[in-house]
Amino acid sequence: MSSGDAQLFEDTFTVTEYDQSKYDRVARITANSTDNQTQMTLDINIELFPCLVGENLQVVLATTLALDGNRENEERGWRDVRGESTLADMYDYVCYGKIYRFEDGVEGQTLRAYISYGGLLMMLEGPYAKLTPLRVDNTYLLVKK
């Protein structure tokens, strides 16, 4: 498996809304992809990764953090890398979670994917072609500005 196979989704988003009304350390952001085809809603820990409306975020969903896309060492855990470089080294905010549900979007023209990162939720809605690689499985979220 190449690193391209490990990356299920990649896009750049512009933050359009920011809501911190429910929790002290978590904000729900809404963002649109630069091509305006995909919308993202994401709960984010603002102590670890503060962001503002208007900022651009590069978002990747990947099956592994290994640079070569190999999942053989996944049982070791993401923190036990023993000095090896990983995909996480290139990003500012990394979470591990599960894609748990899909549903049809507006008028059946789009797909919605729901992902939970330990209670921090993410929803992606976009064209089937962009979200087809996603499946019910564990995934890493990687974000950088």
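Keep in mind that this is a model prediction, so the values were computed, not measured.

Asks: Got a minute to help me understand the environment of Tyr-128 in this structure?
Replies: Along the chain, Tyr-128 falls in helix α2 (residues 128-131). A relative accessible area of 33% places Tyr-128 in the partly exposed class. Sequence separation between Tyr-128 and Gln-109 is 19 residues; the distance between their C-alpha atoms is 7.6 Å. The contacts of Tyr-128, once residues within four sequence positions are left out, are Asp-104, Gly-108, Gln-109, Thr-110 and Leu-111. A polar contact is formed between the side chain of Tyr-128 and the side chain of Asp-104, at a distance of 2.3 Å.

Asks: Can you help me understand the nonpolar core in this one?
Replies: Ranked by size, the top nonpolar core spans 31 residues in total, and within it Leu-61, Met-122, Leu-124, Leu-134 and Leu-141 carry the most contacts. Of all the secondary structure elements, the ones that give two or more residues to this core are β1 (7-19), β2 (26-33), β3 (39-45), β4 (56-62), β5 (93-104), β6 (110-117), β7 (120-127) and β8 (137-144). Those residues in contact with Leu-61 that lie beyond four places of it in its chain are Ala-6, Gln-7, Leu-8, Phe-9, Ile-115, Tyr-117, Met-122, Leu-124, Leu-134, Thr-139, Tyr-140 and Leu-141. If you look at the next biggest cluster of nonpolar residues, it comprises eight residues, including Ala-62, Leu-65, Ala-88 and Tyr-140.

Asks: Just checking my understanding: could you explain unusual backbone geometry for this structure?
Replies: Among all residues except glycine, the phi angle is most often negative; among peptide bonds, the trans geometry is most common. A positive phi is found at Asn-36, a non-glycine position, where the angle reads about 60 degrees. Mapped onto the secondary structure, Asn-36 falls in the loop between β2 and β3.

Asks: What exactly am I supposed to notice about the packing of aromatic side chains here?
Replies: Describing an aromatic ring pair means giving the distance of the ring centres and the angle of the ring planes. Applying the stated rule across the entire model yields four aromatic pairs. Here Phe-9 and Phe-13 contribute two aromatic rings whose centre-to-centre distance is 6.2 Å and whose plane-to-plane angle is 35 degrees, an arrangement assigned as tilted. For the residue pair Phe-9 and Phe-13, the accessibility class agrees, reading buried in each case. Arranged with centres 6.4 Å apart and planes meeting at 45 degrees, the rings of Tyr-100 and Tyr-114 form a pair that is tilted. Here Tyr-114 lies in strand β6 and Tyr-100 lies in strand β5, a separation of 14 residues in the sequence. Here Tyr-100 falls in the partly exposed class, since its relative accessible area comes to 39%. The class of Tyr-114 is buried, set by a relative accessible area of 14%. Here the guanidinium or amino end of Lys-145 rests over the ring plane of Phe-49, the centre of that ring lying 5.1 Å away.

Rules used in this analysis
- Residues numbered from 1 in each chain as written.
- Predicted model: local features only at pLDDT ≥ 70, side-chain atom pairs only at ≥ 80, totals over all residues.
- Heavy atoms only, no water.
- Helix = DSSP H or I, 4+ residues; strand = E, 2+ residues; numbered from the N terminus.
- Buried < 20%, exposed > 50% of the residue type's maximum accessible area, 1.4 Å probe, protein only.
- Contact = heavy atoms within 4.5 Å.
- Polar contact = N/O pair within 3.5 Å; in protein donor to acceptor, adjacent residues only side chain to side chain.
- Core = buried A, V, L, I, M, F, W, Y, C linked by side-chain atoms within 4.5 Å.
- Phe/Tyr/Trp six-rings, centres within 6.5 Å; stacked < 30°, edge-to-face > 60°.
- Lys NZ or Arg CZ within 6 Å of the ring centre and 35° of its normal.

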